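Breakdown of the fold
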Amino acid sequence: MRLKDRVSLITGAASGIGAATAKTFAREGAAVVVADLNDEGGKRIVDQIRDGGGSAEFVHADIGQPREVEAMIRFAIDRFGRLDVLHNNAVFAAAGHVGEIALEGWQKTIDVGLTAYWYATRCALAEMVTRKRGAIVNTASISGLAADYMLGAYNTIKAGVINLTRATAIEYARKGIRCNAVCPGVTATPPLMAILNSGDGTMMKRICEAIPMGRLADPQEIANVVAFLASDEASYVTGAFFVADGGITANTGMPGLLGTGPEW
Ligand SMILES: NC(=O)c1ccc[n+]([C@@H]2O[C@H](COP(=O)([O-])OP(=O)(O)OC[C@H]3O[C@@H](n4cnc5c(N)ncnc54)[C@H](O)[C@@H]3O)[C@@H](O)[C@H]2O)c1
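Here goes a summary of the coordinates provided. (Residues numbered from 1 in each chain as written. Predicted model: local features only at pLDDT ≥ 70, side-chain atom pairs only at ≥ 80, totals over all residues. Heavy atoms only, no water.)

With respect to the pattern of salt bridges
Any two side chains of opposite charge can pair if their charged atoms end up close together. Applicable threshold: Any carboxyl oxygen of Asp or Glu within 4 Å of a side-chain nitrogen of Lys or Arg constitutes a salt bridge here.
Here the structure, examined in full by the defined rule, presents 14 salt bridges. Several salt bridges share partner residues, and in doing so they unite Arg 82, Asp 84, Glu 127, Arg 131 and Arg 133 into one network.

Here it is, written out as structure tokens:
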């Protein structure tokens, strides 16, 4: 077990990548604090972990509210005595062209998807540095490496998460704390599947055509990367971002000039 007896906290763990990671951490031996504003979904993940013999607790937290971030970290430390692994993962994203995004939507995107990652990191570091031990894994995205149409606010937070990861890593490397990011590609989580299933299937087809592997990621495939980064197997890895995207960012975006593409 790669995370035996570690105490972990995952934000946005009621669904998608966070839920898959919570269950993976538990299977690897960690106690898991499932943090989310979705109480029903979060408690369901906790029940599933406990049914599998794991240790988990739910804490309600809207990470867009700094006081709730503080309470969430305090909950983990009070309940389990310390915090070994923090996985910042929850997100909110206002969609719209850069010239049209509403100020409130932009602000909430930054609050939940960037400020909360920093503030949870700050709160966790206060405890981690006293023991000179800790691992922080931030969910960034390939959308932090390049831009998407109508997702400028999202592109901005994810790029920020990558450099927050680096800044945390270099400043706390000699205090025993590692900080890394995962950059998922298109992953089959509920919000994305709701969009893709709402149309006539054309969008799903076009997305799969753009991915060299020809398919979306399963959330478990992202959770596997997070578990690696959180574990001692990654003991010399810090300040890194790991791309798990089926090859999409390995492509320049050019169609095959010489008449060939992913299928040849
Ligand atoms: N699905 C993808 O294709 C994809 C690709 C790249 C990166 N990501 C990133 O992965 C992470 C997880 O996304 P997902 O696709 O699993 O989404 P999801 O909607 O399945 O899960 C997100 C969870 O975050 C929770 N949440 C939202 N706002 C919150 C808040 N203010 N406080 C606490 N919890 C809150 C939601 O209730 C939900 O349970 C996000 O950071 C997202 O940007 C997803």
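What follows picks up the thread again.
Quick notes on the layout of surface pockets
One water molecule sets the probe size; rolling that probe over the atoms shows where empty space is left. The condition is simple: Using protein atoms alone on a 1 Å grid, points that fit a 1.4 Å probe yet trap it form a cavity, whereas open point sets bounded by protein on both sides within 12 Å along at least five of seven lines form a pocket; residues with an atom within 4 Å of a point count as lining. Grid points are joined across faces, edges and corners, and a volume is the space filled by probe spheres set on the points. Each residue is assigned to one of three groups, with Ala, Val, Leu, Ile, Met, Phe, Trp, Tyr, Cys and Pro labelled nonpolar, Asp, Glu, Lys and Arg labelled charged, and all others, Gly among them, labelled polar.
Put simply, the second largest pocket is a space of about 160 Å³. The wall of the second largest pocket is formed by Arg 6, Asp 84, Val 85, Arg 133, Gly 134, Ala 135, Gly 176, Arg 178, Ala 230, Ser 231, Asp 232 and Ser 235. The residue inventory of the lining of the second largest pocket, partitioned by class, reads three nonpolar, four polar and five charged.

Brief notes about the site of the ligand
Basically, it comes down to this: Throughout, near means a residue has at least one heavy atom within 4 Å of the molecule or strand. Two N or O atoms count as a polar contact when they lie within 3.5 Å, although within protein this holds only if one can serve as hydrogen donor and the other as acceptor, and sequence-adjacent residues are included solely when both atoms are side-chain atoms. Areas reported as accessible are Shrake-Rupley estimates using a 1.4 Å probe. Residue values count occlusion only from the protein chains shown. The helix and strand labels rest on DSSP assignments: H or I over at least four residues marks a helix, E over at least two residues marks a strand, and numbering proceeds from the N terminus.
By nearness alone, 30 residues border the ligand, and Ser 15, Asp 36, Asn 89, Tyr 154 and Thr 189 come closest of all. One nitrogen or oxygen atom from the main chain of Gly 16 is found 3.4 Å from an oxygen atom belonging to the ligand. Thr 189 places a polar side-chain atom, nitrogen or oxygen, 2.6 Å from an oxygen atom of the ligand. The protein chains hide 88% of the 830 Å² of surface that the ligand would expose on its own. Counting only elements with at least two residues in the shell around the ligand, the list comes to helix 1 (16-27), helix 4 (103-131), helix 5 (152-172) and helix 6 (190-198). The element best represented in the shell around the ligand is helix 6, accounting for three residues. When its residues are assigned to classes, the shell around the ligand shows 16 nonpolar, 11 polar and three charged.

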